[in-house]
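Secondary and tertiary structure notes
For reference, the chains in residue letters:
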Amino acid sequence: MEVYLDNSATTKITDRVRDIMIKVLYEDYGNPSSMHRMGVNAEKYMKEAAQIIADSLKVEPKEIIFTSGGTEANNLALIGTAMAYQRRGKHIITTRIEHPSVHQPLLYLEENGYKIDFIPVDRTGKIFKDKLYNAINDETQIVSVMFVNNEIGSVQDIEEIAREIKKIKNDIIFHVDAVQAFGKYRIHPRRMGIDLLSISGHKIHGPKGIGALYVNDNIRLKPIIFGGGHQRGLRSGTENVPAIAGLGQAVKDIYENFEQKVNKMYKLKQLIIKELSGLDGVTINGLPEECESNYEMEHIKMTAPHIVSASFEGVRSEVLLHALEDRGVYVSSGSACSSHHPQPSATLSAIGIPKILLDSTIRISISEMTTEEEIQYAIEQIRDLVPKLRRYTRR
Amino acid sequence: MSMFKAFLIKYAEIGLKGNNRYLFENALCDRIKDALKPLGTFRVFKEQGRVFVECPDDYDYEETVEALKRVFGISSFCPVVTVADTDWESLTKAVGDYVEAMYPDADFTFKVFAKRADKNYPISSPDICSMMGAYLLGRFPNLKVDVHNPEVSLNVEIRTKAYIYSVEIPGPGGMPVGSNGKAMLLLSGGIDSPVAGYMIAKRGVSVDAVYFHAPPYTSERAKQKVIDLAKKISRYAGRMKLFVVNFTDIQLYIYDQCPHDELTIIMRRYMMRIAEHFAKQENCLGLITGESLGQVASQTMQSLAATNEVCTMPVYRPLIAFDKKDIVEIAETIDTYETSIQPYEDCCTIFVAKHPVTKPNLKKIRHSERKLEEKIDELLETALKTVEIIEIE
């Protein structure tokens, strides 16, 4: 049996996404900038996709910029606004658990004279909001907070944060990395007070290499990629039409029967948590304090529906990962994006996981395609493997 | 397009080989052909104790030089300009043009070396030297002759064509692979073993390799890393077979039965046994390891004695007296270093004890191994039977 439980790393594309992409690749392959009919046809796909995404966010299509993915969306959001509003001040506030595609551009800005504050999080992976509010000063230009953490699935109170920071300083620009949240939550930037929002295609059964940035119409942005002036000069380069069409289709599909899908994921998440926490020497990371040991649904719903982070005492995560792989179960150690680096994950350190468990933590991430049978099988394998692997360790 | 149309290949040690000399020369020609095959249709031939490479019109000079630098047996090689018209006037003009193209300043001391392989050529070698020297002095006023310590040694050889060269590019030295039998390399993902394989191959030895894979403790990427390293070695050593042995069950059995501080030594004894099995199967005449005296606990003299004991074949340890930094230097030269330092664990380190024995007592080790009697034969048989063989080209 093959069970893919690494959906926070990437997801399988759906048949409908595949079909529309093939159609664009083979039939409607024109360049949207071309004057002739082929160009117009290609442009139609872009307009449709922008409309679908805009509808899902309840914003205007002109507020959507297509990028090469979540990473570029985050880079454009942060560097693009920092450059446009340099005169307002050079202070940016973010959190200690951001994805590297937020963290690294901010370090780059720091090297170039910006002051960056990194707000710590508690054991459940929620930021200390008071510390964030207290950090705001006259120079504060951008606040960037991720919606759902990619490693432990903790969720920030985005709406409340937006409201409070703007109360303190109303011209703060609020950026939200929603790569892990989009398709799992209904996100309405206008109502929620979000100025910039990054999303990605391949986390929602769309293709890789495509993402988008929502930019509130009132926000000025400087481009970070220069060229022929595509997308109103904000993102030059011939648009990746097949992927854009695929992204549009994926967004349309993910918000169909939305509540049902999310509830299904929460039920599976609850099942995973209950089963794993019943094993010896296993802790589930990033759950709210209220959760204690009964794992009520109302508490689980305070976290994202698709991510479970679990630490297995005395088992190295990489070994467990490969042993599970051998049984057809695919999970991730920490976060797949950071697995290239031998150093422990910043998020896991930030929530205060004991040092010896840092290297014993795996992430299980599901999608609405995941079935209960698959979860049962995966749990079965974990239950069987963990004691075996524990016997053989470095002494 | 390069002005050079041929390369003159120089070899040092092969020259010493008496009656076997032609075997070595043939092996050298074959290895040069192998190395240049992917780059185009080159002609490689022997002529009067010289090996020449003639290049196709559209060849890439840089690429060809890089390929020749990796052929063992070449001590150095010279890019050559060929001249079809050997009459004196054409020849002098060609040599003058060569100087102009190679040394635009034309300000150096030089000496002409002439060789008349075609004895029908009307001018003798000493005369060619002096007449050519005179011509060049006339054409380039800043040149000076220095017969003892010339900055430029200008070679002119008259064969059916004339060959002009003055630049010598160092080759890797050693002897052509295939001129000296075959050996089995114990290849891990580390820095040392690829260098050891390279060094033995340099002595003319063909190399096969064995890698011990321990899933799930070592990953697919660790295996891919070893395949990548094997490919890098094969750029010098030619095609090789890589034997991937699943070592997990043997390792866990040793872990269960034997004292933990002896784990690495006993494990290595089984690796040597398995490597020797495949070495015999492939008609190898020895094993190669990357061991370096005292580098880690399993490489003390006592430990090496303990692992060596289980082999009947000679074990070649070319790095035995090398410091790590010298090994790293070679690894960087042969471009294995970057691959070796990728952070994937290999099976030697996964269970390594905090304090492994550094002076293993052979009697004790043998005694511990007796605790494996019940299942080890069966496990070995499975490991040998399930070996995966990867052909590296």
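As shown above, the structure is provided for reference.
Cut-offs applied
- Residues numbered from 1 in each chain as written.
- Chains lettered and ligands numbered in written order.
- Predicted model: local features only at pLDDT ≥ 70, side-chain atom pairs only at ≥ 80, totals over all residues.
- Heavy atoms only, no water.
- Contact = heavy atoms within 4.5 Å.
- Buried area = accessible area lost by both parts, 1.4 Å probe.
- Salt bridge = Lys/Arg side-chain N within 4 Å of Asp/Glu carboxyl O.
- Axes fitted to C-alpha atoms, helices over the stretch in contact; angles between N-to-C directions.
- Helix = DSSP H or I, 4+ residues; strand = E, 2+ residues; numbered from the N terminus.
- Parallel < 35°, antiparallel > 145°, perpendicular 65-115°, else oblique.
- Left-handed = near helix turned anticlockwise from the far one by under 90°.
- Buried < 20%, exposed > 50% of the residue type's maximum accessible area, 1.4 Å probe, protein only.
- Polar contact = N/O pair within 3.5 Å; in protein donor to acceptor, adjacent residues only side chain to side chain.
- Pairing = 2+ DSSP bridges.
- Core = buried A, V, L, I, M, F, W, Y, C linked by side-chain atoms within 4.5 Å.
- Patch = residues over 30% accessible without salt bridge, like charges linked within 9 Å, V, L, I, M, F, W, Y side chains within 5 Å.
- Areas by Shrake-Rupley, 256 points an atom, 1.4 Å probe, with all protein chains shown as cover.
- Arc of directions from axis to C-beta.

**Remarks on the interface of chain B and chain A**
- Counting residues at the interface gives 16 residues for chain B, matched by 13 residues for chain A.
- Sorting the residues of chain B by area buried against chain A places B:P216, B:Y217 and B:Y255 first, and these three jointly supply 38% of that buried surface.
- Inspection of the region where chain B meets chain A yields 1 salt bridge.
- Between A:R391 and B:D256 there is a salt bridge, with its nearest N and O atoms 2.6 Å apart.

**So, the packing of helix α1 (residues 21–36) of chain B against helix α2 (residues 61–68) of chain B**
All names here are of chain B.
- Following both chains from N to C, one finds α1 and α2 inclined at 140°, their axes separated by 9 Å at the closest point. Classed by the angle they form, the pair α1 and α2 counts as oblique. Here α1 and α2 pass one another in a crossing that is right-handed. Residues I32, A35 and L36 of α1 pack against T64, A67 and L68 of α2.

**Regarding the side chain of B:R268**
All names here are of chain B.
- Along the polypeptide, R268 turns up in helix α8 (residues 263–281).
- Of the residues examined, R268 reaches a relative accessible area of 12% and is grouped as buried.
- In this structure the side chain of R268 is engaged in a polar contact, spanning 3.4 Å, whose partner is the side chain of E291.

**Examining the pairing of strand β8 (residues 211–215) of chain A**
All names here are of chain A.
- Of all 5 residues that make up β8, 5 are buried, and the element is covered over most of its length.
- Residues G211, L213 and V215 of β8 are buried on one face, and the alternating residues A212 and Y214, pointing to the opposite face, are buried as well.
- The pairing of strand β2 (residues 64–67) with β8 spans 4 bridges and is antiparallel. Its bridge partner lying in β8, I64 is registered against Y214.
- With 5 bridges connecting them, strand β7 (residues 196–200) and β8 associate as antiparallel partners. By the bridge assignment for β8, L196 is matched with V215.

**Let's talk about the nonpolar core**
- If you look at the biggest cluster of nonpolar residues, it comprises 151 residues, and the most contacted ones within it are A:F147, A:I187 and A:L276.
- Top contributing element to this core by residue count: α8(B), with 11 residues.
- Every residue in contact with A:L276, bar those within four places of it in the chain, is listed here: A:V282, A:I284, A:A310, A:F312, A:I364, A:I379 and A:I382.
- Core analysis: the second largest hydrophobic core is formed by 47 residues, B:I9, B:Y59, B:V152 and B:V156 among them.

**Quick notes on the environment of B:T312**
Residue and element names in this part refer to chain B.
- Within the secondary structure, T312 is located in the loop between α9 (301–308) and β14 (315–316).
- For T312, a relative accessible area of 66% puts it in the exposed group.
- Once the C-alpha coordinates of T312 and L287 are considered, the two residues, 25 residues apart in sequence, prove to be 10.0 Å apart.
- Discounting chain neighbours no more than four positions away, the residues touching T312 are E276 and K280.

**Here's the deal with a nonpolar patch on the surface**
- The grouping of A:I22, A:L25 and A:Y26 at the surface amounts to a nonpolar patch, some 350 Å² of accessible area in total.
- Relative to the helices and strands, A:L25 is located in helix α1 (residues 15–26).

**Brief notes about the packing of helix α5 (residues 192–201) of chain B against helix α10 (residues 324–333) of chain B**
Residue and element names in this part refer to chain B.
- It is the contact of α5 with α10, at a shortest axis distance of 9 Å, that shows an interaxial angle of 70°. Between α5 and α10, the angle falls in the class roughly perpendicular. For the element pair α5 and α10, the recorded crossing hand is left-handed. Every residue of α10 that contacts α5 at D192, V195, Y198 and M199 is listed here: K324, I327, I330 and A331.

**Some remarks on the sheet that holds strand β11 (residues 206–213) of chain B**
Residues and elements named next belong to chain B.
- Taken in spatial order, the 6 strands line up as β14-β13-β10-β11-β12-β15 in an open sheet, and their pairing is mixed. The open sheet terminates on both sides in strands that have one partner only, identified here as β14 and β15 (388–392).
- Two elements, strand β10 (residues 182–186) and β11, share 5 bridges in a ladder whose sense is parallel. Bridged to M184 within β11 is D208.
- Contacts from α5 reach β10, β11, β13 (287–288) and β14 within the one sheet, and its direction differs from that of β10 by about 170°.

**Quick notes on the pattern of salt bridges**
- The final tally for this structure, using the stated rule, is 55 salt bridges over all chains.
- Linking A:R18 and A:D15 is a salt bridge whose minimum nitrogen-to-oxygen distance equals 3.9 Å. Separated by 3 residues within a single helix, A:R18 and A:D15 lie in helix α1, roughly one turn from each other.
- Among the ionic pairs, A:R88 bridges to A:D171, the shortest N-O distance being 3.7 Å. One end of the pair, A:R88, is in the loop between α3 (70–84) and β3 (91–95); the other, A:D171, is in the loop between α6 (158–168) and β6 (173–177), and 83 residues separate them in sequence.
- Connected via shared salt-bridge partners are B:R269, B:R273, B:E309, B:R366 and B:E369.

**Let's talk about α10(B)**
All names here are of chain B.
- When we look at burial in α10, the residues that qualify are I327, V328, I330 and A331. Projection of α10 onto a plane perpendicular to its axis shows the buried side chains occupying an angular sector of 160°, all on one side. With respect to the buried face of α10, the exposed residues turned more than 90 degrees away are K325, E329 and T333.
- Residues of α10 that are buried sit in contact with α5 and α11 (337–340).
- With its phi angle positive at about 65°, D335 sits one or two positions after the end of α10.

**Thoughts on the sheet that holds strand β10 (residues 307–312) of chain A**
All names here are of chain A.
- Taken together, the 4 strands give an open sheet; going across it, the order is β9-β10-β13-β12, and neighbouring strands pair in antiparallel fashion. Lying at the two open borders of the sheet, with one neighbouring strand each, are β9 (282–285) and β12 (332–333).
- Direction of pairing for β12 relative to strand β13 (residues 361–365): antiparallel, over a ladder of 2 bridges. Within β13, the residue paired with S332 across the bridge is R363.
- Sitting on the sheet, helix α9 (residues 258–277) is in contact with β9, β10 and β13, with an inclination near 10° to β10.

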